[in-house]
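# A structural walkthrough
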Amino acid sequence: MNALEVEIQRKVFQSPAGDEFIAAENLRFSVPKGQFACIVGPSGSGKTTLLHIVSGLDTKFAGSVTVAGLPAAEAQIGYMFQSPRLMPWLNVIDNVRLVATDAAKAAGKPEQLLERMGLGAFLDSFPNRLSGGMQRRVALARAFVNDPPLLLLDEPFISLDEPVAQRLRSLLLDLWQQHGATIVFVTHDLREAVYLGDRILFMSPSPGRVVLDYPVGLGRPRTYDEASVEEVRHRLLREHPAILAGLEAQPSNDGSADPARAQLRSA
Amino acid sequence: MTAEVGARGRLRPLATGIANVPGWGVRTISLVALVLLWQIGADAAHSVFFPTPAAVAQAAWKLAWNDKHSVNEVVRAALGVQIDFATSRLGDLPFHIIVTFIRATIAFVIAMLAGSVLGVVLGRYPTVNRLLDSWVLLGLNMPALVIAILCYIYLGLNTWALIVAVAINKIPLVAVTMREGASAIEPDLMQVGRAFRLPRLVMLRRVFLPQLYPYLMASARTGLALVWKIVLVFELLGFSNGVGFVLQLNWQLGNVDRLLAYAIGFIIVIMAIEALITRPLERRATRWRL
């Protein structure tokens with residue numbers, strides 16, 4: 001049984017004025033258990049919409065989505081959003097405990113995961129005291145705490161300094177391998193996708209559908225700037241210029257020009 | 001220029017001296033100073049309409065222990081319910097303050113509950129808000145006395161009419177603040193709750209309500225201040241008990257010492273509630289912002 005089966009015939013958004021916008025059409029794919037699948041597509045290709053549907057946050061679509069054999073809205077999942085989205089009034093440990101099942105709490109999973117993230121000394125801290133990188137680590141721990149059959153990550157390392165993002169990526173890979181999780185990871189950074197994924201699904205501009213299903217085919221462990229990652233990226237750009245047009249022009253993760261991000265460096 | 005420097009130079013030792021005294025110390029010193037000023041003023045005026053602190057304290061002491069009332073009377077005055085099993089006696093001062101306190105508390109609780117529910121509904125449902133917006137505006141601008149008089153006409157001159165009048169005055173204020181809070185609810189955070197399949201009750205308690213706490217605290221604070229004041233005013237209108245009534249009575253009798261005794265007794269109760277309930281609650285609710 002696949003961890004995820006997606007069969008979206010059509011997803012339409014309606015503006016208050018009555019205009020229709022087709023966000024996705026004939027969007028079909030499945031992800032086997034334990035796979036790290038990256039979804040790459042230009043802005044507005046419906047990547048976030050897809051994750052909302054898969055997570056059961058959005059149920060207004062034609063088609064079906066099953067997670068580990070269950071309808072999407074009933075399945076237990078882990079979700080990491082573009083921003084950390086921690087509850088500002090809960091300290092670090094309570095943020096993770098908030099979503100943890102009784103079994104996970106009884107087994108001490110929140111503490112273990114946070115310890116593993118290097119946040120052991122910050123359990124009682126409130127999110128506004130943490131750097132951006134630390135907040136993402138809390139969000140990562142929260143996503144993994146229930147050992148869900150499916151983890152959804154929506155450009156989780158965007159707007160972070162490259163070194164911080166890199167540390168978080170390897171942390172994610174460690175957790176993935178240790179927990180044997182199935183991951184759907186949305187990004188528009190091709191190099192990130194090649195580095196992380198077993199497989200990359202490329203989406204078209206709207207209405208979004210899968211236009212290329214590409215097995216990465218690299219062994220693990222990989223390093224972010226190794227030649228083979230770069231090679232796969234170049235091969236993709238060379239072989240599928242039409243699909244990838246516009247992708248590489250997008251801003252990538254090194255937001256070093258932004259002074260506001262300097263504070264995140266310490267993560 | 002030189003004069004300014006000189007003046008600052010002289011002020012600085014005093015300023016740093018105060019800065020080194022703990023907060024409660026400064027407050028005590030400044031209160032003592034106030035009583036001293038009062039004493040000096042009263043000595044200079046030498047009039048029955050400007051009693052000394054000692055005279056007021058004496059009046060308060062007598063009023064506190066004259067045992068004129070029973071607990072049964074408190075219940076009848078504040079709640080309009082007749083009981084006869086309580087035998088303890090109460091002086092004038094605690095009697096009137098407790099009666100007013102009970103009325104204010106009930107009105108406050110009713111206003112907070114009704115105002116919060118109304119405000120959250122207005123904030124969450126734009127259609128309802130459009131429909132009722134002008135009602136709320138009307139309520140905000142209706143003079144408090146008009147509401148009180150209408151309540152007395154419709155419900156009779158009794159304690160519940162007063163409580164309802166106070167509550168009605170306060171509801172629009174709470175509703176407006178809570179509406180602001182409800183429309184500031186972060187959909188992003190609600191999404192987190194739904195993505196992780198939080199049960200409804202957990203959603204409400206740990207995700208939704210905490211976003212409203214700052215607004216709840218703000219309306220509770222302004223609400224308490226308002227309720228205290230209007231309860232007294234409404235008690236002036238034909239009641240025979242409560243702090244508002246005794247203030248009026250002693251005004252007419254020219255007993256400024258008793259008047260001040262009631263006023264100060266009442267202020268102490270309010271300040272105790274601020275210090276023991278409102279402020280600790282507020283500190284707890286906003287702890288994470290520090």
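For clarity, every value in this text was computed on a predicted model and none was experimentally measured.

### A word on the overall build of chain A
Of regular secondary structure, chain A possesses nine helices and 10 strands. At 18 Å, chain A has a C-alpha radius of gyration in line with the 18 Å of a compact globule built from 267 residues. Across its three principal axes, chain A shows a C-alpha extent of roughly 50 × 40 × 40 Å. Relative to its full complement of 267 residues, chain A shows a buried share of 53%. Relative to all contacts within chain A whose residues are 6 or more apart in sequence, the contacts with residues 24 or more apart total 71%. A total of about 11000 Å² of accessible surface is found on chain A, and carbon and sulfur atoms cover 51% of it.

### Comments concerning the packing of helix 8 (residues 159–183) of chain B against helix 10 (residues 200–236) of chain B
Residues and elements named next belong to chain B. The contact between helix 8 and helix 10 brings their axes to 9 Å, and the two run at 160 degrees. Between helix 8 and helix 10, the interaxial angle falls into the category roughly antiparallel. Seen along the crossing, helix 8 lies across helix 10 with a hand that is right-handed. In contact with L162, A165, V166, N169, K170, L173, V174, T177, M178, E180, G181 and A182 of helix 8, helix 10 contributes L212, Y215, L216, A218, S219, G223, L226, V227, I230, V231, F234 and E235.

### So, the side chain of R179 of chain B
Residue and element names in this part refer to chain B. Turning to its location among the elements, R179 is positioned in helix 8. We classify R179 as buried; its relative accessible area is 18%. Filtering out sequence-adjacent residues up to four positions away, R179 remains in contact with G119, L122, G123, N129 and D133.

### Description of helix 6 (residues 126–141) of chain B
Look at helix 6 of chain B: 22 Å from first C-alpha to last across 16 residues, which is about the 22 Å you get at 1.5 Å a residue. Largest kink in helix 6 of chain B: about 50 degrees, centred on L132 of chain B.

### Quick notes on the confidence of the model for chain A
Residue and element names in this part refer to chain A. Per-residue confidence for chain A averages 87 on the pLDDT scale, and 92% of its residues sit at or above 70. Looking over chain A, one finds the lowest element-wise mean pLDDT in helix 9 (residues 241–244), namely 80, and the highest in helix 2 (residues 92–99), namely 96. Confidence over residues 249–267 falls short of pLDDT 50; this stretch has 34 contacts with residues more than four positions distant or in other chains.

### Considerations on unusual backbone geometry
All names here are of chain A. In this structure, the amide linkage connecting S206 to the following residue, P207, adopts the cis form with an omega of 0 degrees. Omega for the bond connecting R220 with P221 falls within 30 degrees of zero, at 0 degrees, which places this linkage in the cis form. The residue P221 is located in the loop between strand 10 (210–215) and helix 8 (227–239) in this model. Located in the positive-phi region is R85, a residue other than glycine, with phi close to 50 degrees.

### As for the pairing of strand 6 (residues 77–80) of chain A
Residue and element names in this part refer to chain A. Burial along strand 6 is two-sided: I77 and Y79 facing one way and G78 and M80 facing the other are all buried. In this structure, strand 6 lies alongside strand 7 (residues 150–154), joined through four bridges in parallel fashion. Bridge assignment links I77 to a residue of strand 7, and that residue is L150.

### Thoughts on the interface of chain B and chain A
Counting from both sides, the interface comprises 18 residues of chain B and, opposite them, 26 residues of chain A. Buried area between chain B and chain A, summed over both chains or domains, comes out near 2000 Å², and the portion from carbon and sulfur atoms is 63%. Contact with chain A buries area across many residues of chain B, yet F196, R197 and W288 of chain B alone supply 38% of it, more than any other trio. When the shortest N-O distance is used, the salt bridge between R85 of chain A and D188 of chain B registers 3.5 Å. Applying the counting criterion to the chain B and chain A interface returns eight residue pairs in polar contact (both at pLDDT 80 or more).

### What about the side chain of N95 of chain A?
Residues and elements named next belong to chain A. Turning to its location among the elements, N95 is positioned in helix 2. The buried category is assigned to N95, whose relative accessible area is 0%. A distance of 2.9 Å separates the side chain of N95 from the backbone oxygen of L90, its partner in a polar contact. Apart from residues no more than four positions distant in its own chain, N95 is found in contact with L86, M87, L90, P127, V138 and R142.

### Thoughts on the pattern of salt bridges
Pairs can form between side chains of opposite charge whenever their charged atoms are close. Residues and elements named next belong to chain A. Counting across every chain of the model gives 20 salt bridges over all chains. The shortest N-O distance in the salt bridge between D94 and R97 comes to 3.7 Å. Of this pair, D94 and R97 both sit in helix 2, separated by three residues, roughly a single helical turn. The partner of E192 in a salt bridge is R169, with the nearest N and O atoms 2.9 Å apart. Separated by 23 residues along the polypeptide, E192 in helix 7 (residues 190–196) and R169 in helix 6 (residues 162–179) bring together distant segments of the chain. Overlapping salt bridges bring together D94, R97 and E111 as one network.

Calculation criteria
Residues numbered from 1 in each chain as written. Chains lettered and ligands numbered in written order. Predicted model: local features only at pLDDT ≥ 70, side-chain atom pairs only at ≥ 80, totals over all residues. Heavy atoms only, no water. Helix = DSSP H or I, 4+ residues; strand = E, 2+ residues; numbered from the N terminus. Rg over C-alpha atoms; globule rule 2.2 N^0.38 Å. Buried < 20%, exposed > 50% of the residue type's maximum accessible area, 1.4 Å probe, protein only. Contact = heavy atoms within 4.5 Å. Areas by Shrake-Rupley, 256 points an atom, 1.4 Å probe, with all protein chains shown as cover. Axes fitted to C-alpha atoms, helices over the stretch in contact; angles between N-to-C directions. Parallel < 35°, antiparallel > 145°, perpendicular 65-115°, else oblique. Left-handed = near helix turned anticlockwise from the far one by under 90°. Expected span 1.5 Å × (residues − 1). Bend = angle between axes of the 7 residues up to and from the residue. pLDDT = per-residue confidence, 0-100. Pairing = 2+ DSSP bridges. Buried area = accessible area lost by both parts, 1.4 Å probe. Salt bridge = Lys/Arg side-chain N within 4 Å of Asp/Glu carboxyl O. Polar contact = N/O pair within 3.5 Å; in protein donor to acceptor, adjacent residues only side chain to side chain.

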